[in-house]
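What the coordinates show
Chain by chain, the residues run as shown.
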Amino acid sequence: MDSVCCGPGYASPTDAMMAPSEKILYTIAIYTGTGIQKPDYLCTIDSDPESSSYSSVISRLEMPGIGDELHHMGWNACSSCHGDIEKERKYLIVPGVRSSNLHIIDCGTDPRKPSLFKVIEGSEIKAKTNLSAPHTIHCLGSDIIISMLGDAVGNAPGGYLHLNESFEIVGRWENSMGDIKFSYDFWYQPRHNIMVSSEWAAPNTFMPGFDLEEVGHLKYGRELHFWDLEKKIPIQSMYLGEDGLVPLEVRFHHDPDSTHGFVGAALSANIIHWWKDSAGEWKWEKIIDVENEPHPEWPIPVPGVISVILLSMDDKYLYFCNWLHGDIRQYDISDPHNAKLTGQVWMGGLLNKAPEVNGVKVTGGPQMIQLSLDGKRLFVTTSLFSTWDNQFYPEIRTNGGCMLMVNCDTENGGMEIDPNFIVDFGKEPNGPSRCHETRYPGGDCTSDIWL
Amino acid sequence: MMRKITIKNRGNITYDVDHRKPLLDSLKANGVDLPYGCKYGGCITCAAKLINGRVNQTAQVALNNRQLNNGYVILCVARPLTDCTFEIGVESHDLLYRNPFTDPLEDHELKADIATPLENRK
């Protein structure tokens, strides 16, 4: 719990787990690609079960332009600045992956009704850094680092945008991209002076939609990259091959002393584990392999398409979504070499296991997830990316996305969809929209890194 | 030189536009409400379907050859070579998106940089 002595976040993951429950959530919702000519927007959702507006959108902040495709976001400060009393977790950085605009949103002045503080125009970023397509945002002390998936005209490998704490462009963060072919997600573990990054594809490849054939033509990633964090250069790449097609979300253990981490290979539908062995070598292994499932109308079995992974704050459970199958899984990773399936729930997906949940038709599958600091409440949204949604779940255009909550048993394992929580984005005032990533004002399981 | 652009799914309304300017800019300047994203021809958000006429869209990198053969045009970089008729907006996207597993592309239907030309096959 914060006290007057300290900056944002928590002294340790253990302290974070004792924080009060989240009362509100921030989730982006998009109209890009839907045919509704309105800006994408940031929703504030009431998640306080004692509140009369529980499980509903309580405010909406529209972006200044249309066509941004809001996607992922991140805080200006996290537990990496816990020792700095001058710092405050106040601003959400909300990029448009198509426009490259960075929206700096003030969530501190009125947490229930955020306001736009500043926009860094995509044109300025392109002109100063030759980068576009912002994705993952992490703060590290005073610095804000954003993975950018392309150059100014959408070619790989992109690079890293460095902002200062006043949200001014410092320039490129990295000193070299080495032989890296693609960018996507990244996470760092400062005590080991290491950063790990993953690979999606060039913006010009993934933005128009998914052509499966382009995987075979090496237009999609299959490597994981280890960086010297201080020198800002890649030092080792791991070729994951067929086991690691399209490695997306990367997560280190929250424990800042640990070298263990995980990545979800979306198309291979595998979880890859990495760690540093006793000889000081970085190693990787496949620990989970989701079988493809038969489908009556498909010529080949359906791959899970693992669109996200997440670790509980105590590093005990790994959660991931199979966006095409429609399930969320919980694995006990107390032994990171031996993951044990402990929970599974179904919502939407192509296998018709749970077409309707809590009275709402689920269009899309479980996609982005965010877990409460105590590990008990997992919030789930259903849209992946506008063009990919349009390919796999075209009805989402009229039905919109939705947000559900899953109650997680942190003692014995197990998951259950909460029957009383549903936010139906099909009923938004301007028409059906699609919800994607979620963050909690007091921190969550993807925002905080400890120095 | 001016070209006449007809929007079929907006009651065949017509606009005279400068042939040197990207169609997205010209149509927006005339008040047409169009979706768009990257504005450099890479993200497909502004795709429209060409019913009649010809455009120069060599700068686009979003469309594969099947989408091109189905008449799609990336308005943010396309310039009209003749008078043209379009369908615009997501109502025109019926053939733009397909399930890549159930409806795969032939080698000649891939994007230009990796496609095998039809005449080279066999």
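As shown above, the structure is provided for reference.
Predicted model only: the values in this text are computed from it and were never measured. (Residues numbered from 1 in each chain as written. Chains lettered and ligands numbered in written order. Predicted model: local features only at pLDDT ≥ 70, side-chain atom pairs only at ≥ 80, totals over all residues. Heavy atoms only, no water.)

Remarks on the overall build of chain A
Each helix and strand counted, chain A has six helices and 30 strands in total. For 451 residues, the compact-globule formula gives about 22 Å, and the C-alpha radius of gyration of chain A, at 20 Å, lands near that figure. Dimensions along the principal axes, computed over C-alpha positions, put chain A at roughly 50 × 50 × 45 Å. In chain A, which comprises 451 residues, the proportion classed as buried is 67%. Long-range pairs, those at least 24 residues apart, make up 57% of the contacts in chain A between residues at least 6 apart in sequence. Element-wise, carbon and sulfur atoms account for 48% of the exposed surface of chain A, whose accessible area totals about 14900 Å². Charged side chains of chain A number 34 positive and 61 negative; the gap between the two group centres comes to 3 Å. (Helix = DSSP H or I, 4+ residues; strand = E, 2+ residues; numbered from the N terminus. Rg over C-alpha atoms; globule rule 2.2 N^0.38 Å. Buried < 20%, exposed > 50% of the residue type's maximum accessible area, 1.4 Å probe, protein only. Contact = heavy atoms within 4.5 Å. Areas by Shrake-Rupley, 256 points an atom, 1.4 Å probe, with all protein chains shown as cover. Lys, Arg positive; Asp, Glu negative; His and termini not counted. Charge placed at Lys NZ, Arg CZ, Asp CG, Glu CD.)

Some words on the packing of aromatic side chains
Across all of its chains, the model carries 31 aromatic pairs over all chains by this definition. Ring plane angle 80° and centroid distance 5.6 Å describe the contact between A:Y184 and A:W200, whose orientation is recorded as edge-to-face. Placement of A:Y184 in the loop between β11 (169-172) and β12 (186-189) and of A:W200 in the loop between β13 (194-197) and α3 (203-206) is noted, with a sequence separation of 16 residues between them. Of the two residues examined, A:Y184 and A:W200, each falls in the buried class. An aromatic cluster is built from A:Y184, A:W200, A:F206, A:F210, A:Y220, A:W298, A:W323, A:F385, A:W388, A:F392, A:Y393 and B:F101, whose rings are joined through pairwise contacts. A cation sits over an aromatic face here: A:K353 above A:W346, 4.0 Å from the ring centre. (Phe/Tyr/Trp six-rings, centres within 6.5 Å; stacked < 30°, edge-to-face > 60°. Lys NZ or Arg CZ within 6 Å of the ring centre and 35° of its normal.)

Some words on the interface of chain A and chain B
Taken residue by residue, the interface counts 38 residues in chain A and 27 residues in chain B. Counting the surface lost from both chain A and chain B, the interface buries some 2700 Å², and carbon and sulfur atoms represent 58% of this. Where chain A packs against chain B, one counts two salt bridges. Salt-bridge contacts for A:K219 lead to B:D113; the nearest nitrogen and oxygen are separated by 2.3 Å. The interface formed by chain A and chain B contains eleven residue pairs in polar contact (both at pLDDT 80 or more). Of all the secondary-structure elements, those providing two or more residues to the side of chain A that touches chain B are α3, α4 (213-216) and α5 (386-392) of chain A. (Buried area = accessible area lost by both parts, 1.4 Å probe. Salt bridge = Lys/Arg side-chain N within 4 Å of Asp/Glu carboxyl O. Polar contact = N/O pair within 3.5 Å; in protein donor to acceptor, adjacent residues only side chain to side chain.)

Here's the deal with the sheet that holds strand β29 (residues 415-424) of chain A
All names here are of chain A. Pairing within the open sheet is antiparallel, and its four strands lie in the order β26-β27-β28-β29. Each of the sheet's edge strands pairs with one partner strand only, and the pair in question is β26 (369-371) and β29. If you compare each strand with its neighbour and ignore which way they point, the axes differ by 20° on average. Of the strand pairs in this sheet, strand β28 (residues 402-408) and β29 are connected by six bridges, and their pairing is antiparallel. Across the sheet, the residue bridging to C402 is D424, located in β29. (Pairing = 2+ DSSP bridges. Axes fitted to C-alpha atoms, helices over the stretch in contact; angles between N-to-C directions.)

Examining the side chain of A:D444
All names here are of chain A. Inspection of the secondary structure assignment puts D444 in the segment after β30 (434-439). In this structure D444 is buried but unpaired, with R439 as the nearest side chain of opposite charge at 4.3 Å. For D444, the side chain forms a polar contact with the main-chain nitrogen of T446, separated by 3.1 Å. Dropping the residues within four chain positions of it, D444 is found in contact with W75, M313, Q370, L371, L373 and R439.

Some points on the environment of B:A29
For B:A29, the position within the fold is in helix α1 (residues 23-29). As for B:A29 and B:N65, which are separated by 36 residues in sequence, their C-alpha atoms are 30 Å apart.

Observations concerning the pattern of salt bridges
Applying the stated criterion across every chain yields a total of 30 salt bridges over all chains. A:E22 is the salt-bridge partner of A:R377, the closest N and O atoms lying 2.6 Å from each other. A residue pair is termed long-range when its members are at least 10 positions apart, and A:R377 in strand β27 (residues 377-381) and A:E22 in the loop between α1 (13-17) and β1 (24-30) qualify at 355 residues. The closest approach of N and O atoms between B:R10 and B:E91, which form a salt bridge, is 3.0 Å. Within this pair, whereas B:R10 is found in the loop between β1 (2-7) and β2 (13-18), its partner B:E91 is found in the segment after β7 (84-87), the two being separated by 81 residues in sequence. B:R10 sits in the partly exposed class, given a relative accessible area of 36%. Residue B:E91 is classed as partly exposed on the basis of its relative accessible area, which comes to 49%. Connected through shared salt-bridge partners, A:E22, A:D374 and A:R377 make up one network.

Brief notes about the pairing of β13(A)
Residue and element names in this part refer to chain A. Neither face of β13 is left uncovered, since the one carrying I194 and V196 and the one carrying M195 and S197 both have all their residues buried. Bridge analysis of β12 against β13 gives four bridges, and the strand direction is antiparallel. When the sheet's bridge partners are listed, W187 is paired in β13 with V196. Here β12 hands over to β13 after four residues, with N193 in that stretch at a positive phi of 50°. Relative to strand β14 (residues 223-228), β13 runs antiparallel, the two sharing four bridges. Counted as the bridge partner of M195 is W227 from β14.

Such coordinate-based values are descriptive only and should not be taken to indicate function.
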